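# Architecture and fold: a report
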Amino acid sequence: MSYSFSVRASSKSEVGAQVAAEFDKVVASQPVHAADKQAVNDAAQAFVGILRDPGEGEYVGVSVSGSLTWSAPDDAANFTGSSISVSAYVAKS
């Protein structure tokens, strides 16, 4: 199962909270993603953490996408693949 979302905020801490909230929505609609929730949040926070703080008239944006795969239809606990892509940036409003 795959997911994709983007968020933006005026501060790094706020955008981090938005990533967590958006991923909670992913887990609510695709419960299997509870398995990679921590990894996704950690990765997004790590990428946001290396950015400079946004200045006047700027925001922090984060785009996240990923997936989990498994071979047996009724056995989602035995994953055969996982993927995540995180893009974090500071941009002008």
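Everything below is about the structure printed above this text.
Just so it is clear, the structure is predicted and the values come from calculations on it, not from any experiment.

Rules used in this analysis
Residues numbered from 1 in each chain as written. Predicted model: local features only at pLDDT ≥ 70, side-chain atom pairs only at ≥ 80, totals over all residues. Heavy atoms only, no water. Pairing = 2+ DSSP bridges. Helix = DSSP H or I, 4+ residues; strand = E, 2+ residues; numbered from the N terminus. Axes fitted to C-alpha atoms, helices over the stretch in contact; angles between N-to-C directions. Contact = heavy atoms within 4.5 Å. Expected span 1.5 Å × (residues − 1). Buried < 20%, exposed > 50% of the residue type's maximum accessible area, 1.4 Å probe, protein only. Arc of directions from axis to C-beta. Salt bridge = Lys/Arg side-chain N within 4 Å of Asp/Glu carboxyl O. Parallel < 35°, antiparallel > 145°, perpendicular 65-115°, else oblique. Left-handed = near helix turned anticlockwise from the far one by under 90°.

### Points about the sheet that holds strand β2 (residues 58–70)
Spatially, the three strands line up as an open sheet ordered β1-β2-β3, and their pairing is antiparallel. On the outer flanks of this sheet lie β1 (2–9) and β3 (79–92), each paired with one strand and no other. Each neighbouring strand pair of the sheet contributes to a mean axis angle of 10°, computed without reference to strand direction. With 13 bridges joining them, β2 and β3 adopt antiparallel strand pairing. The residue bridging E58 from the neighbouring strand is K92, located in β3. The strands touched by helix α1 (residues 12–29) within the sheet are β1 and β2, with β1 carrying the most contacts at an inclination of about 155°. On the sheet, helix α2 (residues 37–49) packs against β1, β2 and β3 and is oriented at approximately 30° with respect to β3.

### Thoughts on α1
The end-to-end C-alpha separation of α1 is 26 Å, in line with the 26 Å expected for 18 residues at 1.5 Å each. For α1, the full list of buried residues reads K12, V15, G16, V19, F23, V26 and V27. For α1, the buried positions fall inside an angular range of 125° around the axis, keeping them on one side. Relative to its buried face, α1 has exposed residues pointing more than 90 degrees away, namely S13, K25, A28 and S29. Tucked inside the fold, the buried residues of α1 contact β1, α2 and β2.

### Focus: the pattern of salt bridges
Considering all chains together, one arrives at four salt bridges under this definition. Measuring nitrogen to oxygen at the nearest pair gives 2.8 Å for the salt bridge that ties R52 to E58. Owing to a relative accessible area of 13%, E58 belongs among the buried residues under this scheme.

### What to know about α2
Over its 13 residues, α2 runs 18 Å from end to end, which matches the ideal 18 Å to within 8%, given 1.5 Å per residue. Every buried residue of α2 is accounted for by V40, N41, A43, A44 and V48. Taken down its axis, α2 places every buried residue within 165° of arc, on the same side. Buried-residue contacts for α2 involve β1, α1, β2 and β3.

### Digging into the packing of α1 against α2
In the contact formed by α1 and α2, the axes pass within 10 Å of each other and the chain directions differ by 160°. Relative to α2, α1 is oriented roughly antiparallel. Helix-helix and strand crossings are classified by hand; for α1 and α2 the assignment is right-handed. Between α1 and α2, the residues in contact are K12, V15, G16, V19, A20, F23, D24 and V27 and K37, V40, N41, A44, Q45, V48 and G49, respectively.

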